[in-house]
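Understanding the architecture of this molecule
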Amino acid sequence: MKPVAQLRRRITGDAGAWPEHVLPLLRRLYAARGALDVEQAQPRLAQLLPPDSLSGLDAATTLLAAAIADDRHIVVVGDFDCDGATACAVGVRGLRLLGARRVSHAVPNRIVHGYGLSPALVEELAALEPDLLVTVDHGIACHAGITAAKARGWQVLVTDHHLPGDTLPPADAIVDPNLPGDAFPSKALAGVGVMFYVLLALRRRLREQGVFAGPEPDLATLLDLVAVGTVADLVALDANNRALVAAGLRRIRGGQGCAGLSALIEVAQRDQRRLTAADIGFAIGPRLNAAGRLEDMTLGIECLLTDDIHQARDIAATLNEINGERRAVQQQMTDEAEAALARVSLLDGGAIPAAVCLFDAAWHPGVIGLVASKIKERLHRPVIAFAPGEPGGSLLRGSARSIPGFHIRDALAEVAARHPGLIDRFGGHAMAAGMSLQIEAFADFQQAFQGCAANRLTAELLQADVLSDGELLTEEFCRPSAEALRDGGPWGQGFPEPQFDGEFDVLATRVVGGRHLKLELGHAGLRLNAIHFGGGEGEAPAGRVRIAYRLEPDDYRGGDAIQLVVTHREPA
């Protein structure tokens, strides 16, 4: 049984000081999100937090400046998700901009090497004869791999944003805003954002050393990649991240994005001139992520590093095909997960536990995070999906997704502390985490994790809420409002995309694409087109309905056309 979502409204108002050009609609929305003026609502790069308070930068820039001066070989070690791929590309491109002549990159294969800088990956990297490894979007939990690298005489710089464990790895320098005692005000930087800040600090050090004879390298050219990695990693879009993402989107819309992103936007059939954070999250990010999920993220990184648009288009076409395969695998695994839940009466009238653990020996480890996310959305419960780390192996890899109010990494830390040896390794954030354990430990872990969740989660936290910004005024159902909403972001985690609610008369319905519901709605004398993606299953609504929806320009119909995108539907 899917929990019944409760439609609630945010507290709104139009407090604050606003210039005339900001629509009253946007003023209400910004105020409801804590932004009371244009600088808070639409921060610019001039408001970016300075790097000074980010701990570890002095040691990090010392390593990098010396490596550049001595022409040492720097290897940037990426990760197999979109944040890790963009961070790797930013690291390689940025170091080259700043004068590094010997820069290579590497990325672990999910099946062969496991997560991050592992001893197996270090052994493979020996052929490159690196002098300095720079990890991006990982490293804070890679104790064994860093120890192996140090044993070979290599220097290691860790740039990461994940929460650290009780002990730090033996790296030469660590930059991570989530280290204990770190004074950097924003804890929401993605891995790509951390690497960008390292480059900002390195440029300043090189400037102080008098390295630049002419104009300084323009690191703003990397912001398109920073925007994509930040949005795709679902970190909170606080003011600092919004400044980064907005600047990156401006570059992309202005045709200044790298060739790889332009090719991905093209193959995803999005309009580059009007690209939004939602387009990154739903179209660009998944195509990059697909390489690391089913194949090798090397392909995704190559797409982001090439300046040849023809090569970029060839790679983007391949990534698009892999993404289609990923969708098919994901759908099959999700169907199997829901069937397994139904067999134990979870989805058919039975009580839903506080947390769910799922495992299937045939599942692909690259897709379990997406399965966990889908089941989490369906049940509004923390979910961990497991798959064998390699076919027939005894090690399970798990991917966890959580709900607001349940810090998934802290929960795993509690289980690990109460049951030493049960979990091999884990790491992550409040809303997402990764872990590994032995197959024979699965049942004990499931019991321990569900017990932890039952103790921590209240009935209020287990209630799924649909938050609305209230009703639109009749005159706000128009193209200028829809365009203002589209362009008023970036919207995302922590600064949610606006959605509204209201009661409407159902004038007509039809199912399109097999599972989506097109509606014609009546409201205050208006006839409005609407679509409910995935809403075509079951009995079509009739009479009067209450819906939550987003207001969007209908670019397919053009002109002044608008469309309501339904996110929640219930009888009026």
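These numbers come from a predicted model, not from an experiment.

Details of the environment of Q47
Counting through the fold element by element, Q47 comes out in the loop between α2 (38-41) and α3 (57-69). In this structure the C-alpha to C-alpha distance between Q47 and G525, which are 478 residues apart in sequence, comes to 45 Å. Here E39 takes part through its backbone oxygen, which lies 3.0 Å from a polar atom of the side chain of Q47.

What to know about the sheet that holds strand β10 (residues 425-428)
Strand order in the open sheet made by the five strands is β7-β8-β9-β11-β10, with mixed pairing throughout. Two strands bound the open sheet, and with one partner strand each, they are β7 (356-359) and β10. Across this sheet, the average inter-strand angle for adjacent strands is 15°, counted without regard to direction. Across six bridges, strand β8 (residues 383-388) lies against strand β9 (residues 395-401) in antiparallel orientation. Each bridged residue has a counterpart across the sheet, and for F386 the counterpart in β9 is G398. Along the sheet, helix α14 (residues 368-379) makes contact with β7, β8 and β9, crossing β9 at roughly 40°. Against the sheet, helix α15 (residues 408-418) contacts β8, β9, β10 and β11 (432-438), and its axis sits at roughly 155° relative to β10.

Looking at the packing of aromatic side chains
For the structure shown, the criterion picks out 15 aromatic pairs. An aromatic cluster of at least three residues, connected via ring pairs, comprises F359, F386, F406, F442, F445 and F449. Taking the ring centre of F495 as reference, the NZ or CZ of R242 above it sits at 3.8 Å.

Cut-offs applied
- Residues numbered from 1 in each chain as written.
- Predicted model: local features only at pLDDT ≥ 70, side-chain atom pairs only at ≥ 80, totals over all residues.
- Heavy atoms only, no water.
- Helix = DSSP H or I, 4+ residues; strand = E, 2+ residues; numbered from the N terminus.
- Polar contact = N/O pair within 3.5 Å; in protein donor to acceptor, adjacent residues only side chain to side chain.
- Pairing = 2+ DSSP bridges.
- Axes fitted to C-alpha atoms, helices over the stretch in contact; angles between N-to-C directions.
- Contact = heavy atoms within 4.5 Å.
- Phe/Tyr/Trp six-rings, centres within 6.5 Å; stacked < 30°, edge-to-face > 60°.
- Lys NZ or Arg CZ within 6 Å of the ring centre and 35° of its normal.

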